[in-house]
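So the chains spell out like this:
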There are 2 protein chains.
Amino acid sequence: MSFTPLIRQLIDALRTLPGVGQKSAQRMALQLLERDRSGGLRLAQALTQAMEGVGHCKQCRTLSEDEFCPQCTDPRRDDSLLCVVEGPLDVFAVEQTGYRGRYFVLKGHLSPLDGLGPEAIGIPELEARIKAGHFSEIILATNPTVEGEATAHYIAQLLGGGDLVLSRIAHGVPLGGELELVDGGTLAHALAGRRPISS
Amino acid sequence: MSFTPLIRQLIDALRTLPGVGQKSAQRMALQLLERDRSGGLRLAQALTQAMEGVGHCKQCRTLSEDEFCPQCTDPRRDDSLLCVVEGPLDVFAVEQTGYRGRYFVLKGHLSPLDGLGPEAIGIPELEARIKAGHFSEIILATNPTVEGEATAHYIAQLLGGGDLVLSRIAHGVPLGGELELVDGGTLAHALAGRRPISS
Ligand SMILES: [Zn+2]
Ligand SMILES: [Zn+2]
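Quick caveat: nothing in here was measured; it's all calculated off a predicted structure.

*Asks:* Explain the overall build of chain A here, please?
*Replies:* Within chain A, the secondary structure is distributed over nine helices and seven strands. Referenced to the eigenvectors of the C-alpha coordinate spread, the extents of chain A come out at roughly 65 × 35 × 35 Å. Going through the 199 residues of chain A one by one, you find that 51% of them count as buried. In chain A, of all internal contacts separated by at least 6 residues, the share reaching a separation of at least 24 is 54%. Looking at chain A as shown, the accessible area adds up to about 9000 Å², and 51% of this sits on carbon and sulfur atoms. Here chain A contributes 19 positive and 24 negative side-chain charges, whose respective centroids are spaced 7 Å apart.

*Asks:* So what exactly am I meant to see when it comes to helix α8 (residues 146-159) of chain B here?
*Replies:* Given 3.6 residues to a turn, an α-helix orients residues that are three or four positions apart in the same direction. All names here are of chain B. With 14 residues, α8 should cover 20 Å at 1.5 Å per step; its first-to-last C-alpha distance of 20 Å lies within 8% of that length. Considering only its buried residues, α8 is in contact with β3 (78-85), α6 (118-121), α7 (123-132), β5 (137-140) and β6 (165-168). Downstream of α8 by one or two residues, Gly161 has phi in the positive range, about 95°.

*Asks:* Teacher, can you tell me more about the coordination of the zinc ion (ligand 2) here?
*Replies:* Each pair of donors in an ideal four-coordinate tetrahedral metal site encloses 109.5 degrees, whereas pairs in an ideal six-coordinate octahedral site enclose 90 or 180 degrees. Protein coordination of the zinc ion (ligand 2) is provided by Cys57 of chain B (SG), Cys60 of chain B (SG), Cys69 of chain B (SG) and Cys72 of chain B (SG), with donor distances spanning 2.3 to 2.4 Å. Because the angles between the four donor atoms bound to the zinc ion (ligand 2) fall within 100 to 119°, the donor set is best described as tetrahedral.

*Asks:* Just to check I follow, could you spell out the coordination of the zinc ion (ligand 1) for this structure?
*Replies:* Residue and element names in this part refer to chain A. Protein coordination at the zinc ion (ligand 1): the donors are Cys57 (SG), Cys60 (SG), Cys69 (SG) and Cys72 (SG), at 2.2 to 2.4 Å from the metal. Bound by four donor atoms, the zinc ion (ligand 1) shows angles of 99 to 118° at the metal and therefore tetrahedral coordination geometry. All donor residues of the zinc ion (ligand 1) come from one chain, and their arrangement in sequence is C-x2-C-x8-C-x2-C. When its relative accessible area of 1% is taken as the criterion, Cys60 is described as buried.

*Asks:* Hey, could you run me through unusual backbone geometry in this one?
*Replies:* Both trends apply: most residues other than glycine have a negative phi, and most peptide bonds are in trans. All names here are of chain A. Of note, the phi angle at Arg61 is positive, near 70°, even though the residue is not glycine. Within the secondary structure, Arg61 sits in the loop between β1 (55-56) and β2 (63-64). By relative accessible area, which is 17% here, Arg61 ends up buried.

*Asks:* Explanation requested: α7 of chain B in the structure shown.
*Replies:* All names here are of chain B. Buried residues of α7: Ile123, Leu126, Arg129 and Ile130, and no others. Projected onto a plane normal to the axis of α7, the buried residues spread over an arc of 115° and lie on a single side. In α7, the exposed residues that point more than 90 degrees away from the buried face are Lys131 and Ala132. Where the residues of α7 are buried, they touch β3, β4 (101-105), α6, β5 and α8.

*Asks:* So what exactly am I meant to see when it comes to the interface of chain A and chain B here?
*Replies:* In many reports, interface size means the accessible area that the parts give up when they come together. Contact with chain A, which involves 56 residues of that partner, is made by 56 residues of chain B. Together, the buried faces of chain A and chain B total about 5700 Å²; carbon and sulfur atoms form 69% of this surface. At the surface where chain A touches chain B, the tally comes to zero salt bridges. In this assembly, chain A and chain B are joined by 10 residue pairs in polar contact (both at pLDDT 80 or more). Contributions of two or more residues to the side of chain A that touches chain B are made by α1 (5-14), α2 (22-35), α3 (37-53), β1, β2, α4 (70-73) and α5 (88-95) of chain A. Counting residues per element, the side of chain A that touches chain B draws most heavily on α3 of chain A, which supplies 15 residues. The residue inventory of the side of chain A that touches chain B, partitioned by class, reads 30 nonpolar, 15 polar and 11 charged.

*Asks:* Can you walk me through the relation of the copies chain A and chain B in this structure?
*Replies:* For the pair of chain copies, the relating transformation is a rotation about an axis with a translation along it. Laying chain A over chain B is done by rotating through 180° and shifting 0.0 Å along the axis; what remains is an RMSD of 0.1 Å. Read as a symmetry element, the transformation amounts to a two-fold axis. Measuring from the rotation axis to each C-alpha of chain A, the shortest distance belongs to Ala44 of chain A, at 2.0 Å. The share of interface residues of chain A whose copies in chain B are also at the interface is 100%, consistent with both copies meeting through the same surface.

Thresholds, definitions, all that
- Residues numbered from 1 in each chain as written.
- Chains lettered and ligands numbered in written order.
- Predicted model: local features only at pLDDT ≥ 70, side-chain atom pairs only at ≥ 80, totals over all residues.
- Heavy atoms only, no water.
- Helix = DSSP H or I, 4+ residues; strand = E, 2+ residues; numbered from the N terminus.
- Buried < 20%, exposed > 50% of the residue type's maximum accessible area, 1.4 Å probe, protein only.
- Contact = heavy atoms within 4.5 Å.
- Areas by Shrake-Rupley, 256 points an atom, 1.4 Å probe, with all protein chains shown as cover.
- Lys, Arg positive; Asp, Glu negative; His and termini not counted.
- Charge placed at Lys NZ, Arg CZ, Asp CG, Glu CD.
- Expected span 1.5 Å × (residues − 1).
- Donors = N, O, S within 2.8 Å, 3.2 Å for Na, K, Ca; no water.
- Tetrahedral: all angles 85-135°; square planar, octahedral: opposite > 155°, others 65-115°.
- Arc of directions from axis to C-beta.
- Buried area = accessible area lost by both parts, 1.4 Å probe.
- Salt bridge = Lys/Arg side-chain N within 4 Å of Asp/Glu carboxyl O.
- Polar contact = N/O pair within 3.5 Å; in protein donor to acceptor, adjacent residues only side chain to side chain.
- Nonpolar A, V, L, I, M, F, W, Y, C, P; charged D, E, K, R; others polar.
- Least-squares fit on C-alpha atoms with pLDDT ≥ 70 in both.

Set out below in structure tokens:
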């Protein structure tokens, strides 16, 4: 079947969504056009507003259009725990486990070959955040990949030697995997089984 | 996890896409925001342009922003065959079978209880299309549901009695199913096994 240019453009654009292949994109495009144009326009507006309006929380650096995100402003959370992750998708994954401490979101992991050192991923801001808070434990929940491990190790070296307990999520997280793809149960187990890092 | 209003609005809007549940919508929203904002804006623009710009082909009434769709303007198609379907998604489904005749797209099926009679679904336009063309066979490919069968029967009564062969797709299409959900192989079989309708 040949689609007209506007429909083809819509199908191509829908394919940029994660998990959407050619066939689902075609079905989505035709269904919106045939059955839900107002829903399609609403989605267009929501996309524009979010892409242009959402920035990063000033404190934890997760995605937020407000100065501070809900996780940072919630007074019922545990101020003694800080969980360090590689990105906002990981905050979402860790939240599924029932964790209710605070977060700090790095800009990915250290990657010297790509020129991404401590400043590029926000380590100075992490240090400032820890100094400004009253944490008793820092949970290093970077991805269980080589780069994530190296980043956790670097942070542990940097922060170690004081009263602060440094821990790393451990059991159940498959090596070489991506944190955001781990199911909630496995991740809850990994979080409960975290161990102190001896630096 | 609490999302900020703009992110929540985006997640809700993504859920209007067919096949997208809460969890996929969350992943889509965060991935676009974190990794592909220009892709998100491109999708917003493609949606707006398609929802506002795509109308219906003047001849077959499928989705098209041009006056006539690619299926109607393609000179290599068989002008002796006309396939009548309930909607543009069905054109897409029938195309997968390798069918290369012409189409006519109804606005759904007859539904007397909802006040949808022949005029509402475009039967007069179908008659005009057939009069203006040189078809030898009309394939009635409405859905194999009670309403689709009734609609095919109505059309067969209306058009029967002349030289025109009227056929109905038959084998392999599950009763009570939706044509657009049938896999290509089954539908190809059903199309090949079409039988004349004795009216
Ligand atoms: Zn925050
Ligand atoms: Zn057409």
